[in-house]
Amino acid sequence: MLKMNYDLEGALREYMMLLDKEEYFEAHEVLEEAWHPLRLSYHPLRNLVKGLINGAITFEHIKRNRKKMPAKAQKVIASYERYKHMSRPEIEHAPLFADACQKIEALKRRHQEVFDVLVS
């Protein structure tokens with residue numbers, strides 16, 4: 001059972017733990033719960049958080065390996081790609097955001113056959 005109503009720091013920590021366990025849908029859910037108040041308040045980190053949410057759901061598509069998976073995964077990862085540059089040393093929770101982005105990049109490398117043009 002997932003806890004809800006995380007603060008952003010707690011959500012990022014839980015998100016990364018769930019990514020490590022390959023529980024991508026749950027990682028998406030945890031971070032989405034923290035994202036809603038950010039989105040509504042137009043918080044400057046809302047887009048970066050949304051990108052990480054989509055990063056997790058990308059790997060859920062891969063995990064489920066459904067029809068047209070490569071196209072779906074490439075479409076969803078685009079949100080992460082669009083906002084990952086916002087993870088900079090001066091932002092709130094910068095080390096956690098950097099670690100989260102590193103985990104997504106590692107997953108992209110692990111599934112290079114899907115992201116051959118996107119792996120950095």
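What counts and what doesn't
Residues numbered from 1 in each chain as written. Predicted model: local features only at pLDDT ≥ 70, side-chain atom pairs only at ≥ 80, totals over all residues. Heavy atoms only, no water. Core = buried A, V, L, I, M, F, W, Y, C linked by side-chain atoms within 4.5 Å. Buried < 20%, exposed > 50% of the residue type's maximum accessible area, 1.4 Å probe, protein only. Helix = DSSP H or I, 4+ residues; strand = E, 2+ residues; numbered from the N terminus. Salt bridge = Lys/Arg side-chain N within 4 Å of Asp/Glu carboxyl O. pLDDT = per-residue confidence, 0-100. Contact = heavy atoms within 4.5 Å. Patch = residues over 30% accessible without salt bridge, like charges linked within 9 Å, V, L, I, M, F, W, Y side chains within 5 Å. Areas by Shrake-Rupley, 256 points an atom, 1.4 Å probe, with all protein chains shown as cover. Lys, Arg positive; Asp, Glu negative; His and termini not counted. Charge placed at Lys NZ, Arg CZ, Asp CG, Glu CD. Expected span 1.5 Å × (residues − 1). Bend = angle between axes of the 7 residues up to and from the residue.

### Considerations on the nonpolar core
One finds Leu8, Tyr15, Leu31, Leu52, Phe97 and Ile104 to be the most contacted residues of the largest nonpolar core, which totals 38 residues. Listing elements by their share of this core, those giving two or more residues are α1 (8-20), α2 (24-40), α3 (46-64), α4 (69-83) and α5 (94-110).

### A word on the pattern of salt bridges
Evaluation of the coordinates by the stated rule reveals nine salt bridges. A salt bridge links Arg13 to Glu9, with the shortest nitrogen-to-oxygen separation between them at 3.0 Å. A residue pair is termed a helical-turn pair when its members lie 3 or 4 positions apart in one helix, as Arg13 and Glu9 do in helix α1 at four residues. What makes Glu9 partly exposed here is its relative accessible area of 30%. Each of Glu81, Lys84, Glu105 and Lys108 takes part in a single network of salt bridges with overlapping partners.

### Points about the confidence of the model for the protein
Chain-level pLDDT for the protein is 90 on average; 92% of the residues reach the 70-or-more range. Within the protein, no element has a lower average pLDDT than α4, which sits at 92, and none a higher one than α1, at 97. Here residues 1-5 is a poorly scored stretch, pLDDT under 50, and it has seven contacts once near neighbours within four places are set aside; other chains count.

### Quick look at a positive patch on the surface
Together, Arg66, Lys67, Lys68 and Lys72 make up a positively charged patch on the protein surface. You can call Arg66 exposed: its relative accessible area is 52%.

### Some details on the side chain of Ser79
Mapped onto the elements of the fold, Ser79 is located in helix α4. When residues no more than four places from it in sequence are discounted, the contact partners of Ser79 are Lys50, Gly51 and Asn54.

### Side note on α4
With 15 residues, α4 should cover 21 Å at 1.5 Å per step; its first-to-last C-alpha distance of 22 Å lies within 8% of that length. The largest bend in α4 is about 30°, located at Ile77. Regarding α4, the residues found buried are Met69, Ala73, Val76, Ile77, Ser79, Tyr80 and Tyr83. Where α4 is buried, its residues contact α3 and α5.

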